[in-house]
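Chain residues, written in single-letter form:
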Amino acid sequence: MEIKDKAVELVNNAELELDSIFKEIDRLEEINSLKVLNAFHNAEISEAHFNSTTGYGFGDIGRDAIEKVFAEVLGAEDALVRNQMISGSHALTVCLFGLLRPGDTMLSISGLPYDTLHEVIGITDNPSSLKAWGVDYKQIDLVDNDFDIDAIKACLENKKIKLIEIQRSKGYSTRKSLTIDKLERVIKAIREVDKEVIIMVDNCYCEFVETKTPLEVGADIMVGSLIKNLGGGIAPNGAYIAGRKDLVELASERLTVPGEGKEVGPTLGVNKSFLQGIYMAPQVVAASLKTAILTAKVLEDLGFDVEPRYNEKRADIVENVIFRDPEKLISYVGSIQEASAIDAHAKAVPTEMPGYEDLVIMASGSFTQGSSIEISCDGPIREPFIAYQQGGLTYKYGKIAIMNAVSKLID
Ligand SMILES: *Cc1c(COP(=O)(O)O)cnc(C)c1O
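Cut-offs and rules
Residues numbered from 1 in each chain as written. Predicted model: local features only at pLDDT ≥ 70, side-chain atom pairs only at ≥ 80, totals over all residues. Heavy atoms only, no water. Domains from an automatic or database assignment. Contact = heavy atoms within 4.5 Å. Buried area = accessible area lost by both parts, 1.4 Å probe. Salt bridge = Lys/Arg side-chain N within 4 Å of Asp/Glu carboxyl O. Polar contact = N/O pair within 3.5 Å; in protein donor to acceptor, adjacent residues only side chain to side chain. Helix = DSSP H or I, 4+ residues; strand = E, 2+ residues; numbered from the N terminus. Nonpolar A, V, L, I, M, F, W, Y, C, P; charged D, E, K, R; others polar. Pairing = 2+ DSSP bridges. Axes fitted to C-alpha atoms, helices over the stretch in contact; angles between N-to-C directions. Expected span 1.5 Å × (residues − 1). Buried < 20%, exposed > 50% of the residue type's maximum accessible area, 1.4 Å probe, protein only.

Interfaces are frequently sized by the accessible area removed from exposure as the parts join. In terms of domains, the chain is made up of domain 1 (5-32 + 279-410) and domain 2 (45-267). Domain 1 puts 40 residues into the contact, and the matching count from domain 2 is 34 residues. Summing both partners gives a buried area of about 2,900 Å² for domain 1 against domain 2, and 57% of it is carried by carbon and sulfur. Ranking the residues of domain 1 by area buried against domain 2 places Ala315, Asp316 and Tyr356 at the top, with a combined share of 19%. Taken together, domain 1 and domain 2 are joined by four salt bridges. For glutamate 210, the salt bridge identified is with lysine 313, shortest N-O distance 3.2 Å. Counting the contacts that link domain 1 with domain 2 gives 17 residue pairs in polar contact (both at pLDDT 80 or more). For the side of domain 1 that touches domain 2, the elements supplying multiple residues, two or more each, are helix H2 (19-42), helix H9 (271-301), strand S10 (360-363), strand S11 (376-380) and strand S12 (386-390). No other element matches H9, which puts six residues into the side of domain 1 that touches domain 2. For the side of domain 1 that touches domain 2, the class distribution of residues is 21 nonpolar, 10 polar and nine charged.

Glancing now at the sheet that holds S11. Here we have five strands laid out as an open sheet, ordered S8-S9-S12-S11-S10, and antiparallel in their pairing. The sheet is open, and its two edges are formed by strand S8 (305-307) and S10, each paired on a single side. Here the average twist between neighbouring strands, direction ignored, is 20 degrees. Contacts from H9 reach S8, strand S9 (319-322) and S12 within the one sheet, and its direction differs from that of S9 by about 20 degrees.

The end-to-end C-alpha distance of H2, which contains 24 residues, comes to 35 Å, matching closely the 34 Å that a straight helix rising 1.5 Å per residue would cover. Here H2 has its buried residues at Ile21, Phe22, Ile25, Leu28, Asn32, Val36, Ala39 and Phe40. Once H2 finishes, glutamate 44 follows within two positions and takes phi at roughly 50 degrees, a positive value.

Time to look at the side chain of lysine 399. Within the secondary structure, lysine 399 sits in helix H11 (residues 395-409). When near neighbours in sequence (up to four residues on either side) are disregarded, lysine 399 contacts Val11, Asn12, Glu15 and Leu294.

The mixed open sheet is built from seven strands, whose spatial order is S1-S7-S6-S5-S4-S2-S3. For this open sheet the edge positions go to strand S1 (78-82) and strand S3 (136-139), each flanked by a neighbour on one side alone. Neighbour-to-neighbour, the strand axes of the sheet open up by a mean angle of 20 degrees, direction not taken into account. In the sheet, strand S6 (residues 221-225) pairs with strand S7 (residues 239-243) via five bridges, with the strands oriented antiparallel. Each residue of the ladder has a partner; that of methionine 222, found in S7, is alanine 242. Across the face of the sheet, helix H8 (residues 245-255) comes into contact with S1, strand S5 (198-202), S6 and S7 while running at roughly 25 degrees to S1.

Residue proline 308 is reached from glutamate 307 by a cis peptide bond, and omega for that bond is -5 degrees. Looking at the element boundaries, proline 308 is found in the loop between S8 and S9. A cis amide bond links glutamate 383 with the next residue in sequence, proline 384, at an omega value of -5 degrees. Mapped onto the elements of the fold, proline 384 is located in the loop between S11 and S12. For leucine 268, which is not a glycine, the phi torsion comes out positive at approximately 50 degrees.

Structural data, given as structure tokens:
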């Protein structure tokens, strides 16, 4: 790294103006920490829960206690928290296949879903997709970054929909991420016309960014990745599905075996990491939010368009910098890689990635492969050349990464 004095000055000056916003983040961290601690107490977490099972994984008391903790923290009746789920994309797949049957229709009301779900749903052909299985897909796009409530109501009145999928975080799109307030409004509207449709939320990147969860504003089931927020940078892999007990049961029988469901699943030594991960998560998410806010302020001061702006209400930990130029995007992502803990000596270059349609450049010099709760930055090489930056296990490491990136930009 070559951090320039001028970059240090720019970043420190920007930081001075963020004091009151950072205080709000500290308050959020306190509220979420209390939630986690209460959940640990109610589940009577003890050292015995760090033990592990092998083989079938029958009677894994640590796994059961972890699921109790996640359920309470997320406001769920039940939760499935498993290392057998590789990451968020796998958990979303398990959930969709668990809840949908041939002849059913699923409806996305937040526009085109995340890239890795295209082959799952059958938006891109795949012989193993839901579509190949006989599940129909419909989509309603957002209008001005919010749900198209009239179109959603009309669709529900017109046709029997089995499941509505809502993706809160923007993925690799140019829209804004969806706050709990917007979610609450659309769920109220949905329930005015349809009491039965299952409302499923892709909550990746959104945990602990607000104090309420999607389940607390009426969603039925939510899904997220443990190499993002709730893994706290400590979980080595995994994902969660949380919500209504009957729906979690269906998902568990898809993940494992009909008739065995949640009763099997060896934890192979991850229990302590999962517990430490969710314990640290409120602080790690707060550090990520501060890193994102600082990035927004500094890059805006330098004349770049960013989304969200530093003082905007946030739904997730992702910060977009819109470069409108492939070289600047590649250079910025490279400078984040340079400031990583691991593989900082490696050069980030655009490559093909399984599940993604465009070339993607990724900086993820992380302890856990692909972890994006650690400082990371990525983007598809397509117009308008946006860097999607997220994470930061501590704010100081995030700040150093920004100072390094700014040193390159002001060159
Ligand atoms: C990251 C992400 C996923 C996929 O999660 P992985 O853990 O990377 O598989 C799905 N949806 C959204 C909105 C995401 O941000």
